[in-house]
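A closer look at the structure
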Amino acid sequence: MKKHTLAVTVENKPGVLTRVATLFRRRGYNIDSLAVGETENPSVSRMTIDVTGDDKIIEQVSKQLYKLVDVIKVVDITEERLVTRELILIKVKADPSVRSEIVQLVEIFRARIVDIGKNTLIVEATGDAGKMEAIEDSLKPFGILELVRTGKIAIVRGPQNS
Amino acid sequence: MKLKGAEILLQSLKQEGVDTIFGYPGGTVLPIYDALYDSDIRHILVRHEQGAAHAADAYARVTGKTGVCIATSGPGATNLVTGIATANMDSIPMVCFTGQVASPLIGRDAFQEADITGITMPITKHNYVLERTEDVARIVKEAFYIASTNRPGPVVVDLPKDLMEKEIDYDPYNSEINLRGYRVMKGCNYGQVVLAAGIINKSERPVIYAGGGVIASDAAEELKELAEKRKIPVTTTLMGMSAFPGTNYLSLGMLGMHGTRYANYAIGECDLLIAVGVRFDDRVTGKIAEFAPHARIIHIDIDAAEIGKNVDVHIPIVGEVKEVLQAINKRIETVEEFGEWHQTIDRWKGEYPLRYGTSSEGRIMPQHVIEKISDLTQGEAIITTEVGQNQMWAAHYYKFKNPRSFVTSGGLGTMGFGLPAAIGAKIACPDRPVIDIAGDGSIQMNIQELGTAIAYKIPVIICILNNQYLGMVRQWQSLFYGGRFSYTDISNQPDFVKLAEAYGAVGMRVKTTQEVDGALREALKVTDRPVVIDFWVDRMADVYPMVAPGESLLNMLGEE
Ligand SMILES: Cc1ncc(C[n+]2csc(CCOP(=O)(O)OP(=O)(O)O)c2C)c(N)n1
Ligand SMILES: [Mg+2]
């Protein structure tokens, strides 16, 4: 069992997300993460789906996805050289006494503070899954009030000069 | 040319070659019915929308064309659901039109609103909600294209009432298919074909395992050529039943849970399994680890997702079955002689034929009824079935001569399928006898379609194998639940003869074996109305052989 990242190109039409989600639910495949948005071509959306399974399961997932009329292309990009990103927003308890400490931490992670409340700060960070976890862990001791994260998006790196 | 959406719909159907649709009207499809009033497309008014779906499905099964049905929004649409799921499981090309509330009302829980697109998403090949009248022609074209190509299946098109009323400028030549995510499979991997032919030429104990894909692909001829050239025994699934003549020396009948002993033994012993248009369903394979344990497997199917789904195969070939078989047939060497393998199979056939005893209650044995039907119609009738024991006996004892002749709900196992299916089949093939082999339970699930058969003077014959039980369930209770017949006794039932007569059909009751032949002969002479024959069969007859679910195919129950 291994986590795979699938880049799925679909028609940018209502209902397509439901079709994909229904397929996963019906066949019993578990989605670890899913992000979807329009691409450079507005008639096309790109889904980045993380799904865990052995090679056989992933092969089935991708074949079943291909059978959906609105799915244009499915690529397993797990083994590619990728740039992956997630966005996380964390509302953390921040009394004046600990604020500077939090600000320092945020700088280390090259994250940003996007809102300052009376006793709270909202931290925004982007990066890969590892960095997201690290930030979350280091802010935990201050008291996380709310946390939201997008699914992962990924893109294959361009070829390099050789 | 200015036309209403509904008129464009009917013109588009005509362009698709549709001559018959099965349906039931209601508020949201009024504009379509109004257009039908002047159309030369024949509309068959059923008595329940489920009947429309099954009739359209059967129409497709016997003709190979795409079946069409229509229902109103809300309850009309939801009544189609079982029929859609039935067609989906058996990969039957069908386009179902549903009315929908007017577009401004969608999502407001309007009167008779149901989200039929959402409901049918997992049981269709694809579905559409019409958003603009301008799209009617394109969507109809795409719907038929999707339903009928690659692995066929049902497509639902949901039509809001206002968009059917709306008039637009219509250009009949201006509807292009626009489906970049859907490509029709052409050709196949010829490297794989060569490999397959090589293995076929060398194998000593080959078996062909043929399914519904052979029929969908109209490849019965090619299958026969392969079998006869190499003298390969052929076993079929329930769905593949009429793909190979039951009277051919090479026929092994059905395999699997209710397969013949010789078919299941052959699977156990073969060194090569040629799986054609099949999906290794659990009812076929039994315990998967012990299925065809000594065999290399060639798997031919149009649907790449079927390859490796349930079993690992050695040589997958993705492609249209007909094309692939033609390519293989060109590369195989003819064998003249039958060999040791055939002797082994002959021995099994001799020792373990399909057989049945006599009734301890002095009643008719249900198997005998099917044998008689098979003889009297010389294997040339269209047989539809209900679900349960009746269905399995039909598969065992009817010797089909022609493909597209066995119309049965294989994947979903839908009780109530047989009668509306018989009507759809008879409308498609008025010159062939059409017989529904029914159970006393199943027939009551869509009995109202007798009304349809009367209205259109459709002479289908309904043979009820009346055991006064939900027989197949009762059989499982006998075998696996200590004979505790919990809610399977349905002896409290209508008088089927009177019921038939109340509709205006011919009703007959047959209580003795001697009367079976005469009753059937008489029924086959009726040309202007349906006939219901109530055969009082042995109540406790069981379907054997039987493999318990999850067991190896070699562990068959029933006397040897
Ligand atoms: C719609 C539906 N409900 C329930 C079942 C489960 N089921 C399978 S066979 C069967 C008994 C059918 O009885 P009958 O039509 O009398 O046929 P028999 O087995 O007696 O020939 C039942 C209830 C089913 N297949 N379909
Ligand atoms: Mg019964």
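In this convention, every chain numbers its residues from 1, walking through the sequence in written order. Naming scheme: in the order in which they are written, chains are lettered from A and ligands are numbered from 1. In keeping with the model being predicted, local features are shown solely for residues with a pLDDT of at least 70 and side-chain atom pairs are shown and tallied solely at 80 or more, while totals for entire chains, interfaces and linings include all residues. Note: side-chain values were computed over all heavy atoms of the structure, leaving out hydrogens and water.

Describing the domain arrangement of chain B
Residues and elements named next belong to chain B. An automatic or database domain assignment supplies the start and end points of every domain. If you check the domain split of chain B, you get domain 1 (2-169), domain 2 (190-351) and domain 3 (366-543). For domain 1 versus domain 2, the separation of C-alpha centres amounts to 37 Å. In this analysis, two residues are considered to be in contact whenever any of their non-hydrogen atoms come within 4.5 Å of each other. Listed as interface residues are six residues of domain 1 and, on the opposing side, six residues of domain 2. We define buried area as the total accessible area lost by two parts upon association, computed with a 1.4 Å probe and summed across both. Looking at the side of domain 1 facing domain 2, the largest losses of area belong to Asp90, Asn150 and Arg151, adding up to 68% of the total buried there. We define a salt bridge as a side-chain nitrogen of Lys or Arg found within 4 Å of a carboxyl oxygen belonging to Asp or Glu. Taken together, the links from domain 1 to domain 2 amount to two salt bridges.

Looking at empty space enclosed by the protein
Residues and elements named next belong to chain B. Only protein atoms enter the calculation, which uses a 1 Å grid: trapped sets of points that fit a 1.4 Å probe without letting it out are cavities, open sets showing protein on both sides within 12 Å along at least five of seven lines are pockets, and any residue with an atom within 4 Å of a point is a lining residue. Grid points are joined across faces, edges and corners, and a volume is the space filled by probe spheres set on the points. If you walk through the whole model with that rule in mind, you get six cavities of 30 Å³ or more. Taken together, Ser12, Gln15, Glu16, Ala137, Val140, Lys141, Tyr170, Pro172 and Ser175 make up the full set of residues lining the largest cavity. In this description a helix means any DSSP run of H or I spanning at least four residues, a strand means any run of E spanning at least two, and both kinds are numbered starting from the N terminus. Among the elements of the structure, helix H1 (5-15) and helix H7 (136-148) are those that each provide at least two residues to the lining of the largest cavity. The element contributing the most residues to the lining of the largest cavity is H7, with three residues. A breakdown of the residues in the lining of the largest cavity according to their chemical character gives four nonpolar, three polar and two charged. In this classification, the charged set is Asp, Glu, Lys and Arg, the nonpolar set is Ala, Val, Leu, Ile, Met, Phe, Trp, Tyr, Cys and Pro, and all remaining amino acids, among them Gly, are polar.

Here we look at the pattern of salt bridges
Counted according to the given criterion, the structure contains 39 salt bridges over all chains. Close ionic contact of B:Glu306 with B:Lys309 constitutes a salt bridge, the shortest N to O distance being 3.2 Å. Residues joined in a network through salt bridges with shared partners are A:Lys67, B:Arg151, B:Asp303, B:Glu306 and B:Lys309.

Overview of the packing of H1(B) against H7(B)
All names here are of chain B. One can describe the packing of H1 onto H7 by two numbers: an axis separation of 9 Å at closest approach and a directional angle of 35°. H7 is crossed by H1, and the crossing has right-handed handedness. Of H7, the residues touching H1 (which contributes Gly5, Ile8, Leu9, Ser12 and Leu13) are Val136, Ala137, Val140 and Phe144. Partitioned by chemical class, the residues of the contact of H1 with H7 number seven nonpolar, two polar and no charged. Helix axes use the C-alpha atoms of the stretch in contact, all axes being lines fitted to C-alpha atoms, and the angles between their N-to-C directions lie in the range 0 to 180 degrees. Left-handed describes a crossing whose near helix is turned anticlockwise from the far helix through less than a right angle; right-handed describes the clockwise counterpart.

Focus on the coordination of the magnesium ion (ligand 2)
Residue and element names in this part refer to chain B. Donor atoms from the polypeptide that bind the magnesium ion (ligand 2) are Asp440 (OD), Asn467 (OD1) and Tyr469 (O), placed at 2.0 to 2.2 Å. Each donor residue of the magnesium ion (ligand 2) lies on one chain, and together they are spaced D-x26-N-x1-Y. Of this pair, Asp440 sits in the loop between strand S17 (434-439) and helix H19 (450-455) while Asn467 sits in the loop between strand S18 (461-466) and helix H20 (471-480), and the two are 27 residues apart along the sequence. For Asn467, a relative accessible area of 5% translates into the label buried. Counted as coordinating are nitrogen, oxygen and sulfur atoms within 2.8 Å of the metal, or 3.2 Å for Na, K and Ca, while water is not included, which may make sites look incomplete. To sort residues, take the accessible area from a 1.4 Å probe on protein chains only and compare it with the maximum for the residue type: under 20% means buried, over 50% means exposed, and anything in between is partly exposed.

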